[in-house]
Amino acid sequence: MTGSFVSSLLPGLDVSSLPEREERELNLIGVDGLEIPVRVLRRVVAVGHKIQTVIAVRDQRERLKTEAKLQLLAFSDPLTGLANRTRFFDLLAVHTASRRERDQGGAVLMLNLDRFKAVNDALGHAAGDIVLRMVADRLQSTLRADDVLARLGGDEFAILQINAEEANAAAALAARIVKIVAANPFLLDGQPLHLGASIGIAIAPDDGDDPAELMHNADLALHAAKADGRGTVHRYDVSLDAKMRERRAIETGLRRALNERQLELHYQPLADATSGRIRSVEALVRWNHPDRGLVLPFDFIGIAEETGLIVPLGNWVLNTACAEAATWPDEIGVAVNLSPAQFRERSLVPLVVAALHSAGLSPERLELEITESVLLSEEDGTLETLNELRALGVHVSIDDFGTGYSSLSYLRKFPFDRIKIDQSFVRQLPYDAESAAIVRAIITMAKCLGMSTTVEGVETAEQFDFSVAAGCDTIQGYIISRPLDRAGLATLFATMRNAPHPLVIA
Ligand code: C2E
Ligand code: MG
Ligand code: MG
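Conventions adopted
Residues numbered from 1 in each chain as written. Chains lettered and ligands numbered in written order. Predicted model: local features only at pLDDT ≥ 70, side-chain atom pairs only at ≥ 80, totals over all residues. Heavy atoms only, no water. Axes fitted to C-alpha atoms, helices over the stretch in contact; angles between N-to-C directions. Helix = DSSP H or I, 4+ residues; strand = E, 2+ residues; numbered from the N terminus. Parallel < 35°, antiparallel > 145°, perpendicular 65-115°, else oblique. Contact = heavy atoms within 4.5 Å. Nonpolar A, V, L, I, M, F, W, Y, C, P; charged D, E, K, R; others polar. Buried < 20%, exposed > 50% of the residue type's maximum accessible area, 1.4 Å probe, protein only. Donors = N, O, S within 2.8 Å, 3.2 Å for Na, K, Ca; no water. Pairing = 2+ DSSP bridges. Near = heavy atom within 4 Å. Polar contact = N/O pair within 3.5 Å; in protein donor to acceptor, adjacent residues only side chain to side chain. Areas by Shrake-Rupley, 256 points an atom, 1.4 Å probe, with all protein chains shown as cover. Expected span 1.5 Å × (residues − 1).

**Q** Is there a simple way to think about the packing of helix H7 (residues 211–228) against helix H8 (residues 239–259) in this case?
**A** Any two packed helices are characterised by how steeply their axes cross, that is the angle between the axes, and by the distance between the axes. At a closest axis distance of 10 Å, the pairing of H7 and H8 adopts a crossing angle of 70°. Between H7 and H8, the crossing angle belongs to the class labelled roughly perpendicular. Facing His216, Asn217, Leu220, Ala221, His223 and Ala224 of H7, the residues of H8 in contact are Leu240, Asp241 and Met244. For the contact of H7 with H8, a count of residues per class yields five nonpolar, three polar and one charged.

**Q** I would appreciate a short explanation of unusual backbone geometry in the present structure.
**A** Most peptide bonds take the trans configuration, and most residues that are not glycine carry a negative phi. The step from alanine 204 to proline 205 runs through a cis peptide bond, and the omega angle for that step is 0°. You can see proline 205 is positioned in the loop between strand E9 (196–204) and H7. Of note, the amide linkage connecting leucine 429 to proline 430 takes the cis form, showing an omega dihedral of -5°. Of note, proline 430 is situated in the loop between helix H16 (423–426) and helix H17 (433–448). Although it is not a glycine, aspartate 189 adopts a positive phi angle of roughly 50°. Within the secondary structure layout, aspartate 189 lies in the loop between strand E7 (186–188) and strand E8 (191–193).

**Q** Explanation requested: the side chain of glutamine 262 in the structure shown.
**A** With respect to the element layout, glutamine 262 can be found in the loop between H8 and strand E11 (263–272). Take glutamine 262: its relative accessible area is 13%, and that puts it in the buried class. Not counting the four nearest positions on each side in its chain, glutamine 262 is found in contact with Gly253, Ala257, Arg286, Trp287, Asn288 and Pro290.

**Q** Please clarify how the coordination of the magnesium ion (ligand 3) should be interpreted in this entry.
**A** Under perfect tetrahedral coordination by four donors, a metal shows angles of 109.5 degrees; under perfect octahedral coordination by six donors, it shows angles of 90 or 180 degrees. Only Asp399 (OD), Asp400 (OD), Glu456 (OE) and Glu456 (OE) from the protein reach the magnesium ion (ligand 3) as donors, at distances of 2.0 to 2.6 Å. All donors of the magnesium ion (ligand 3) come from a single chain, and their spacing in sequence reads D-D-x55-E. For aspartate 400, a relative accessible area of 24% corresponds to the partly exposed category.

**Q** Is there a simple way to explain the coordination of the magnesium ion (ligand 2) in this structure?
**A** Coordination of the magnesium ion (ligand 2) by the protein involves Glu282 (OE), Asn337 (OD1), Glu369 (OE) and Asp399 (OD), with metal-donor separations of 2.0 to 2.2 Å. The sequence pattern formed by the donor residues of the magnesium ion (ligand 2) is E-x54-N-x31-E-x29-D. The metal-metal distance between the magnesium ion (ligand 2) and the magnesium ion (ligand 3) comes to 3.8 Å, with aspartate 399 coordinating both. Within this pair, whereas asparagine 337 is found in strand E14 (residues 333–337), its partner glutamate 369 is found in strand E15 (residues 366–371), the two being separated by 32 residues in sequence.

**Q** Would you mind showing me how to read the sheet that holds E9 here?
**A** By definition, the strands of a sheet pair up through backbone hydrogen bonds, in either a parallel or an antiparallel sense. Within the open sheet, the five strands sit side by side as E5-E6-E4-E9-E10. Their pairing is mixed. Every interior strand has two partners, whereas the edge strands, strand E5 (148–153) and strand E10 (233–235), have only one. Direction aside, neighbouring strands of the sheet carry axes that sit 20° apart on average. Where E5 lies against strand E6 (residues 156–162), five bridges are found, and the strand directions are antiparallel. Considered in E6, the bridge of leucine 149 is made with isoleucine 159. Contacting strand E4 (106–114), E6, E9 and E10, H7 runs over the sheet at an angle of about 145° to E9.

**Q** Please explain the site of ligand 1 as it appears in this structure.
**A** Around ligand 1 sit 23 residues in total, of which Glu282, Asp399, Gln423, Glu459 and Tyr478 are the nearest. Contact between ligand 1 and glutamine 268: a nitrogen atom at 2.9 Å from a side-chain N or O atom of the residue. In this structure, a nitrogen atom belonging to ligand 1 sits 3.1 Å away from a main-chain N or O atom of valine 285. Starting from 790 Å² of accessible surface for ligand 1 in isolation, the protein chains cover 83%. Where the shell around ligand 1 is concerned, the elements lending two or more residues are strand E12 (278–289), helix H10 (310–325) and strand E16 (395–401). The greatest single-element share of the shell around ligand 1, amounting to four residues, is contributed by E12. Its residues placed into classes, the shell around ligand 1 shows nine nonpolar, six polar and eight charged.

**Q** Can you walk me through helix H19 (residues 486–498) in this structure?
**A** With 13 residues, H19 extends 19 Å from end C-alpha to end C-alpha; this agrees with the ideal 18 Å at 1.5 Å per step. In the core, the buried residues of H19 are packed alongside E11 and E12.

**Q** Would you mind showing me how to read the environment of leucine 41 here?
**A** Take leucine 41: it is sitting in strand E2 (residues 35–47). On the accessibility criterion, leucine 41 (18% relative accessible area) is buried. Sequence separation between leucine 41 and arginine 21 is 20 residues, and the spatial gap between their C-alpha atoms is 6.2 Å. Leaving out residues up to four positions away in the same chain, leucine 41 has contacts with Arg21, Glu22, Glu23, Val54, Ile55 and Ala56.

**Q** What should I look at first to understand the sheet that holds E2 in this one?
**A** Pairing is antiparallel across the open sheet formed by three strands, whose spatial order is E1-E2-E3. Of all strands in the sheet, those bounded by a partner on one side alone are strand E1 (23–29) and strand E3 (50–59). Looking at each pair of strands side by side, their axes are set apart by 40° on average, direction ignored. Pairing of E2 with E3, which is carried by ten bridges, proceeds in the antiparallel orientation. What sits directly across from valine 38, in E3, is aspartate 59.

Right under this line is the structure:
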């Protein structure tokens, strides 16, 4: 294109003013009167003897369209169309700047769904995606137009609540969200799914003055909310930093503990309800910490589960329990707790076979305890694994029964040997009529299904008498014995040799 022609297309453009070889972005006016974005490049070239100015005009419409699409993709969550983490962070930064200028408040609410993982595992990812979209819609419906909702990934959402200088405003929004998520089930193909939401709150500027700090602190508060239980809301406070450091210390310490043999097993006896005879002991892991002394599982199993360390830890427990049990009297079995993460590992069955084999322990002496949460995931694979374990001759029991989620239907499908009734029912025995009714009902039901029962956590003579009268098969609890270390166990076996039916040991 020659200079004069371009000038007629681009009124007001003095072609000679274009620097050579440098592109300029301009708008052409199309025949329809609409602007067409173009790039214009001027170059002076020699054509034969003549020096000529050549102008190249490149249509930018396609490129800009693609860029806009990419921009949208890069900053939005493809599943829900909400802002993604990057976009949320940017918006939070913009808000922070204007907040500082105008001295306004703002809150970050970080939200995680309760029970979503179970839904996703049980029904598949496609169903999980549909549920996430439904959750996004519900959340959006509770927000004001200028609040920002984002999906950070998985089942984690974030909300920027504008003008929330009062802590009450954020707390009120969080309470509304918890209610709106849990109040009505999500319907998937007509099937009701019950979810909940846990929320962490950080309010600017008190809980953080810059975007990264606010996000970090809202996240810490969310962790605390999760630890408090389902459907809870937690606001950030400085003590959470200390707790997080503590968690990290436990995580690193636990890795070392595994390598440096700081773990040990204690064993708690289970007594036959009628004869008082000890038939088996449950292996309970302890961490012999170099500075803290003996640490109980409550302080580290959860962290081991979150970090995946539970798999090597659980494998160590399995191997050690089998090896130690092989040295005990033949009639004593050993029960090992399995975490859901171990159960999900494809290698569980071969690991059990290897542990039994290298210990030289007969499979009938090993009992594996699983919790109801294991049963929620991938029913087919779970049933297969349970059947394979039982085919080996290993016993399988369901632990902490009654605390999990929709327990009863599983008992028909899954082949358990034993139901262990959770201590929370036992705590209130025998005076609380409801707990008493529940314990009796579980024992009757187990009998009908051909499963034996253990009442856990029996501490008092009344609880003991009630459990025996209700017809349970075995009793476990401090009234029989606290968990015993190696020396305590040796004493127990010696006592048993002399008096074979010790009912109260410690
Ligand atoms: P659990 O399997 O239900 O084990 C019983 C827990 O109840 C043990 O706590 C035991 O000490 C406690 N207990 C027993 N009798 C009584 C009683 O009469 N009163 C009271 N108040 N408590 C009693 P512990 O050893 O602290 O273990 C807690 C939980 O940690 C276990 O609950 C189990 O879920 C988990 N755990 C322990 N060892 C392992 C392990 O090797 N692997 C896995 N995955 N989990 C483990
Ligand atoms: Mg157990
Ligand atoms: Mg238990």
